[in-house]
Amino acid sequence: MKKLPVSQLQALFAAIAADRKLYIPAGEAKTAAFTLWREGLELTAALNTNRSGKDLFFPQVENLVDFKVTGKQIEVIESRDPAEPFVIFGVRACDCRSFDILDKVFLCDPVDSYYETRRKHATVVTLACTEPEETCFCTALGIDPTDPAGDVSGWMADGWLYLRANTEKGEALLASLPMLKDGEKPEQDKSVFDRLPLKELDWSAFGGEHMMERFHSPEWASLAESCLGCGTCTFVCPTCQCYDVKDFKTSGGVKRFRCWDSCMYSDFTLMSAGQPRPTQLERFRQRFMHKLVYYPSSHEGEFGCVGCGRCLQKCPISMNIVKVARTLGEEAKA
């Protein structure tokens, strides 16, 4: 365990950024984002960023490859960014868990080499939570916000930053920072998390064994009735992984891009035969069935949600995974 006065954070950031890129959560509460550190850039006062650190591993828009067309000849041109080591500092426990969920999607066969390269070159430094939002419910999903994972776990208490290496990458990072001193992990008051309004959400009605019961629930009609299909929930979600691949013709050939997509959109997976889920109800159901039933059915019961609360905060009509879970959970008990 190492420690450093919080007053020396800028010196710590400068030392980390000396030989690699460093991203920290910065900005006002409503727009906070993981931002490339520059001298003087301060940590945000917000508990969490507007969007998660997922962007650094799975960007919203990504140029996959270019094709140069000369007559009938096609040349494939590698367009991916060269791999560079980077540190993402200040990740909360919920978002760190989301990386594990994304790994199970992008690092299974066939491996997504773009995602894999970024994960290999990243060192994740987490920060424990001390003042959660009322919309937080990570503890209901088995996540301990006071003891986050990551390559390095961090705590801020009594004017000190404490850092614990959990992996070889984490040990290498801390060893490269001579300003750190030996310390002991601080005691943390967990009572505030026991008072959160969503701490006792019941997930027993979900999982793969309840697939057909939940799929055919009549409650979907009323739940989906007010959904706008705007996709806000999917774009702020740290575990959503849907994307589309599109080719754009240029003067010299074709550029192929990958960009985030949403199962809430009417043109999602649209094919010549039409849309496999033509109604908003079906699309709404697909999103939550994937999080609560389909994903856990193939991943040993692990849900595709980390309880970050972003969808509760951002949905313009206040429809979210908590309301779905409560409604379907009550139906299952009836």
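Here's the deal with the overall build of the protein chain
Now for step 1: In terms of regular secondary structure, the protein chain is built from 11 helices and 12 strands.
Now for step 2: Against the compact-globule benchmark of 20 Å for 334 residues, the protein chain has a radius of gyration of 22 Å, which places it among compact chains.
Now for step 3: Taking the principal axes of its C-alpha atoms as reference, the protein chain extends roughly 65 × 60 × 35 Å.
Now for step 4: In the protein chain, which comprises 334 residues, the share counted as buried stands at 48%.
Now for step 5: Taking contacts inside the protein chain between residues at least 6 apart in sequence as the whole, the part at least 24 apart equals 70%.
Now for step 6: Taken as a whole, the protein chain presents about 16,700 Å² of accessible surface, with 52% of it coming from carbon and sulfur.

Some words on the pattern of salt bridges
Now for step 1: One pass over the full model with this rule turns up 20 salt bridges.
Now for step 2: A salt bridge links Arg118 to Glu62; its shortest N-O distance comes to 2.8 Å. On the criterion of sequence distance, the pair formed by Arg118 in helix 3 (residues 113-121) and Glu62 in strand 4 (residues 61-70) is long-range, its members being 56 residues apart.
Now for step 3: Residue classification places Arg118 among the buried positions, given a relative accessible area of 17%.
Now for step 4: By relative accessible area, Glu62 is classed as buried at 5%.

Some points on the sheet that holds strand 10 (residues 181-182)
Consider a sheet: its strands pair through backbone hydrogen bonds, and that pairing is either parallel or antiparallel.
Now for step 1: On the basis of which strands lie adjacent, the open sheet formed by eight strands has the order 3-2-6-7-8-9-1-10 and mixed pairing. Each of the sheet's edge strands pairs with one partner strand only, and the pair in question is strand 3 (33-36) and strand 10.
Now for step 2: For strand 2 (residues 21-26) and strand 3, the ladder comprises four bridges, and the chain directions are antiparallel. Bridging from a neighbouring strand, Ala26 pairs with Ala33 of strand 3.

What counts, and at which threshold
- Residues numbered from 1 in each chain as written.
- Predicted model: local features only at pLDDT ≥ 70, side-chain atom pairs only at ≥ 80, totals over all residues.
- Heavy atoms only, no water.
- Helix = DSSP H or I, 4+ residues; strand = E, 2+ residues; numbered from the N terminus.
- Rg over C-alpha atoms; globule rule 2.2 N^0.38 Å.
- Buried < 20%, exposed > 50% of the residue type's maximum accessible area, 1.4 Å probe, protein only.
- Contact = heavy atoms within 4.5 Å.
- Areas by Shrake-Rupley, 256 points an atom, 1.4 Å probe, with all protein chains shown as cover.
- Salt bridge = Lys/Arg side-chain N within 4 Å of Asp/Glu carboxyl O.
- Pairing = 2+ DSSP bridges.

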